[in-house]
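Remarks on the overall topology
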Amino acid sequence: TVSKPDAGEVTSHIPELANVDPSLFGVALCDNEGQLYTAGDVFHCATMQAVSSTMLYVMALEDNRPSLVDLKIGGEPSTGAFYGSASDDRNRAYKPLINTGALVAASLVKGETAKERFKRCAGLVREMGYAPSRIKLNGAAYESEMATNAKNRAIVDELVARNVIESEDDDESG
């Protein structure tokens, strides 16, 4: 059985996410035969946030030789902060599942424009989703994230300065 906690704490660095009900909790698992197991608030829409790091890494590996991805992203555990500058002694992001690694993985996704890369990423998320028609961009969360992403932009600037990723004109956001 699943019991809900009496209280929780939601992230507040993205203002829109600070409005989420902290009592919501849900989990869904699918086995190899396609059987779905659920518990809790699984029908409440939620943002993916850091979960998308996994999809970005998968796409980076699909779009590039693994040896190229390995030149940019390692697999070691990070002891640094979520937004910290986490690079190893080979000038790589420690791993793909923290912000630095996700930003590097995103830079390795193929596409002529940011909009094209976003559409490809969204397509993979829908392909992997149990109910693809329910997967949508949360406009309010996106705008809130874009208005408060100074730390991510600073990480990108550092990655560009260290020649880990190339500079990109960001006039066309996804």
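Heads up: the structure comes first, above all this text.
Scope of this entry: the structure provided in the associated data block. Predicted, not measured: the structure shown is a model, and the values here were computed from it. (Residues numbered from 1 in each chain as written. Predicted model: local features only at pLDDT ≥ 70, side-chain atom pairs only at ≥ 80, totals over all residues. Heavy atoms only, no water.)

Here we come to the overall build of the protein. What the protein contains, in helices and strands, is six helices and two strands. Residues classed as buried in the protein amount to 25% of the 174 residues present. Long-range pairs, those at least 24 residues apart, make up 49% of the contacts in the protein between residues at least 6 apart in sequence. (Helix = DSSP H or I, 4+ residues; strand = E, 2+ residues; numbered from the N terminus. Buried < 20%, exposed > 50% of the residue type's maximum accessible area, 1.4 Å probe, protein only. Contact = heavy atoms within 4.5 Å.)

Relative to strand 2 (residues 36-40), strand 1 (residues 26-30) runs antiparallel, the two being bridged by five bridges. Paired with Gly26 across the strands is Gly40, a residue of strand 2. Hairpin connection of strand 1 to strand 2: five residues between the antiparallel strands, including Gly34 at a positive phi of 90 degrees. (Pairing = 2+ DSSP bridges.)

A few words now on the packing of helix 3 (residues 99-108) against helix 6 (residues 150-161). Relative to each other, helix 3 and helix 6 sit at 65 degrees, their axes nearing to 10 Å. Here the hand of the crossing between helix 3 and helix 6 comes out right-handed. Facing helix 3, whose interface residues are Asn99, Thr100, Leu103 and Val104, helix 6 presents Asn152, Ile155, Val156 and Leu159. Tallied by class, the residues present in the contact of helix 3 with helix 6 amount to five nonpolar, three polar and no charged. (Axes fitted to C-alpha atoms, helices over the stretch in contact; angles between N-to-C directions. Left-handed = near helix turned anticlockwise from the far one by under 90°. Nonpolar A, V, L, I, M, F, W, Y, C, P; charged D, E, K, R; others polar.)

On to the pattern of salt bridges. The final tally for this structure, using the stated rule, is four salt bridges. The closest approach of N and O atoms between Arg120 and Asp63, which form a salt bridge, is 2.7 Å. On the criterion of sequence distance, the pair formed by Arg120 in helix 4 (residues 114-128) and Asp63 in helix 1 (residues 52-63) is long-range, its members being 57 residues apart. Relative accessible area serves as the criterion here: at 29%, Arg120 is assigned to the partly exposed category. On the accessibility criterion, Asp63 (18% relative accessible area) is buried. Linking Arg162 and Glu158 is a salt bridge whose minimum nitrogen-to-oxygen distance equals 2.5 Å. Since its relative accessible area comes to 22%, Arg162 is described here as partly exposed. Via salt bridges that share partners, Asp70, Arg90 and Arg92 belong to a single interconnected network. (Salt bridge = Lys/Arg side-chain N within 4 Å of Asp/Glu carboxyl O.)

This paragraph deals with the nonpolar core. The biggest cluster of nonpolar side chains holds 19 residues, and the ones touching the most others in it are Leu56, Ile73, Val104, Leu108 and Leu159. Mapped onto this core, the elements with two or more residues apiece are helix 1, helix 3, helix 4 and helix 6. Leave out the neighbours within four places in its chain, and Leu108 touches Ala60, Asp63, Asn64, Val69, Lys72 and Ile73. (Core = buried A, V, L, I, M, F, W, Y, C linked by side-chain atoms within 4.5 Å.)

Turning our eyes to something else, we now look at helix 3. Across the 10 residues of helix 3, seven count as buried, placing the element largely inside the fold. Of the positions making up helix 3, those classed as buried are Asn99, Thr100, Gly101, Ala102, Val104, Ala105 and Leu108.

Moving on, we get to a nonpolar patch on the surface. Together, Phe25, Val27, Leu29 and Tyr37 make up an exposed nonpolar region whose accessible area comes to about 390 Å². Mapped onto the secondary structure, Leu29 falls in strand 1. (Patch = residues over 30% accessible without salt bridge, like charges linked within 9 Å, V, L, I, M, F, W, Y side chains within 5 Å. Areas by Shrake-Rupley, 256 points an atom, 1.4 Å probe, with all protein chains shown as cover.)

Attention shifts here to the side chain of Asp63. Within the local environment of Asp63, its side chain forms a polar contact with the backbone nitrogen of Lys110, the two atoms lying 2.7 Å apart. Ignoring any residue separated from it by four or fewer positions in sequence, one finds Asp63 in contact with Leu108, Val109, Lys110 and Arg120. (Polar contact = N/O pair within 3.5 Å; in protein donor to acceptor, adjacent residues only side chain to side chain.)

With respect to the helices and strands, the residue Thr100 is situated in helix 3. Residues Thr100 and Asn152 lie 52 residues apart in sequence; the distance between their C-alpha atoms is 8.1 Å.

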